[in-house]
Amino acid sequence: MNLPARHRALVVAGLALAGLLAGGVPAATAEPAAADTAAAVPAALAAPDIPVANVKQHLADLQSIANANGGNRAHGRSGYRASIDFVKAKLDAAGYTTTLQQFTYNGTTGYNLIADRPGGDPDQVIMAGAHLDSVTAGPGINDNGSGSAAILETALAVARTGYQPAKHLRFGWWGAEELGLVGSKYYVNNLPSTERAKLKGYLNFDMIASPNPGYFVYDDDPTIEKTFKDYFAGLGIPTEIETEGDGRSDHAPFKNAGIPVGGLFSGADYTKTSAQAQKWGGTAGQAFDRCYHSSCDTTANINDTALDRNSDAIAHAIWTLTSGTTTPPTGKVFENTTDVSIPDNGAAVTSAVNVTGITGNAPSNLAVGVDIVHTWRGDLVVDLVAPDGTVYNLKPFSSSDSADNVQTTYTVDASAESANGTWTLRVQDRATYDTGYINGFKLTFP
């Protein structure tokens, strides 16, 4: 990553239990949670598990390349070209159409590798990318062998499973990122405007296996962000918005060109806080990656659990965003996807949507979609506040409800309310020790 120097592992079937949260609440009833609906999707569309052993083997191969080439894989050095050749050979053998894009920086030749999966709608392209270069100080196994190896194995899984995405799928490995996003800038700047318009999303993966990891999601395109957050919520793993590398990795040129972007990150040289250690494990007061941009960024500098989880999340996003099977919600939807932190045992916080263009009163079956990530949902009181101030309780406090998250759709009889105006989701944590945030809130008018 081009930055200035400076567990719970439970697979939660509890998303389905979220539908029980409305029990005993007369003003609202809960419909099946998103996880219940997802269970009806044909299994063929589900992403496969990405074998972490395969990803680690790619990292071992990149380490061997660095060892044989002066200890690094930096732009303009033999180790970088050998890394490109290694990845390209894997993709060629798997049936990808590969292109080696050449550029010059600081008087030396650099390379981007682009791999296209044959098929899919050529006017709707989803692209995943990672920078393949290291700094000159070391082999760059976490930064960024981890992202490069994970998308390589995901690309190989696409071929291995015979997955045929509805959208066109493309992967990219960037050169000279450590010198200022040079390779990705070159790629975007040389895309004709007609080709830029076909790119419906770019997913970036830079440092996804830090040894003292966090779970950070890019706060850019709402659909891509939600895809990743929903995946981790399903594992019972809270996430945070990625801020340390914002604008300093290869998503930036795409974002600046108006292309929707998203991605994952496990932390660089920022220090893990006590609250983050409580959520994710690891060591508070220590950098996420103490070997960032150093010679010790070797295969010993990898957290296998983070590598495994993030690799599977990448595959989930690729399958989800390229399948073309998403059914748009019926009715008119008003949504707020801005994250709102919920203070532990603190004041109530809100997320609001402004409803316009609806004739008359709200319906008797107003659908209230609630997506709250929290480590003990029983602590929470959740209300819907109508434009005139009327309060509809969606979920009461319950000291015995120890499961994670509130992710469900409630149905409210709001027929006495004017439809148009500002509707507010109000959430208060009324007990200590657990944390979370509002991930999203939406109203659907039939």
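The notes below deal with the structure included here. (Residues numbered from 1 in each chain as written. Predicted model: local features only at pLDDT ≥ 70, side-chain atom pairs only at ≥ 80, totals over all residues. Heavy atoms only, no water.)

### A closer look at the packing of helix α8 (residues 222-234) against helix α11 (residues 304-322)
This is how it is decided: Between the N-to-C directions of two axes lies an angle of 0 to 180 degrees, each axis being a line fitted to C-alpha atoms and, for a helix, fitted only over the stretch in contact. A run of H or I in DSSP becomes a helix once it reaches four residues, and a run of E becomes a strand once it reaches two; helices and strands are each numbered from the N terminus. Oblique is the label for any angle not covered by the other classes, which are roughly parallel (under 35 degrees), roughly antiparallel (over 145) and roughly perpendicular (65 to 115). What makes a crossing left-handed is the near helix being turned counterclockwise from the far one by less than a right angle; a clockwise turn instead makes it right-handed. By the convention used here, residues are in contact when the closest approach between their heavy atoms is within 4.5 Å.
At a closest axis distance of 10 Å, the pairing of α8 and α11 adopts a crossing angle of 130°. Relative to α11, the element α8 is oriented oblique. Judged by the sense of rotation from one axis to the other, the crossing of α8 with α11 is right-handed. Residue-level contacts link T223, I224, T227, F228, Y231 and F232 of α8 to R309, N310, D312, A313, I314, H316, A317, T320 and L321 of α11.

### Quick word on the sheet that holds strand β5 (residues 167-174)
Definition in use: Any two strands with at least two DSSP bridges between them are considered paired.
The 8 strands lie next to each other as β2-β3-β5-β4-β6-β9-β7-β8, forming an open sheet whose pairing is mixed. The open sheet is flanked by β2 (97-105) and β8 (240-241), the only strands paired with a single partner. Across 8 bridges, strand β4 (residues 121-131) lies against β5 in parallel orientation. Residue pairing for β5: H131 is matched across the bridge by W174. In the packing of helix α4 (residues 78-93) onto the sheet, the strands contacted are β2, β3 (108-117) and β5, and the crossing angle to β3 comes to about 15°. The sheet strands contacting helix α5 (residues 141-161) are β3, β4, β5 and β6 (199-205), and the helix crosses β4 at an angle near 145°.

### What about α5?
Formally: Throughout this description, buried means an accessible area under 20% of the type-specific maximum (1.4 Å probe, protein chains only), exposed means over 50%, and partly exposed covers the range between.
The element α5 is extensively covered by neighbouring structure, given that 18 of its 21 residues are classed as buried. A positive backbone phi angle near 75° is found at G162, which sits one or two residues after α5.

### Some remarks on the pattern of salt bridges
Formally: By definition, a salt bridge exists where a carboxyl oxygen of Asp or Glu is found within 4 Å of a side-chain nitrogen of Lys or Arg.
Following the criterion strictly, the structure yields 15 salt bridges and no others. Note that D85 and R81 form a salt bridge whose closest N and O atoms lie 3.0 Å from each other. Of this pair, D85 and R81 both sit in helix α4, 4 residues apart, which is roughly one turn of the helix. Residue D339 pairs with K229 through a salt bridge whose shortest N-O separation is 2.3 Å. Of this pair, D339 sits in the loop between β10 (332-336) and β11 (340-342) while K229 is found in helix α8, placing the two residues 110 residues apart along the sequence. Given the relative accessible area of 23%, D339 is considered partly exposed.

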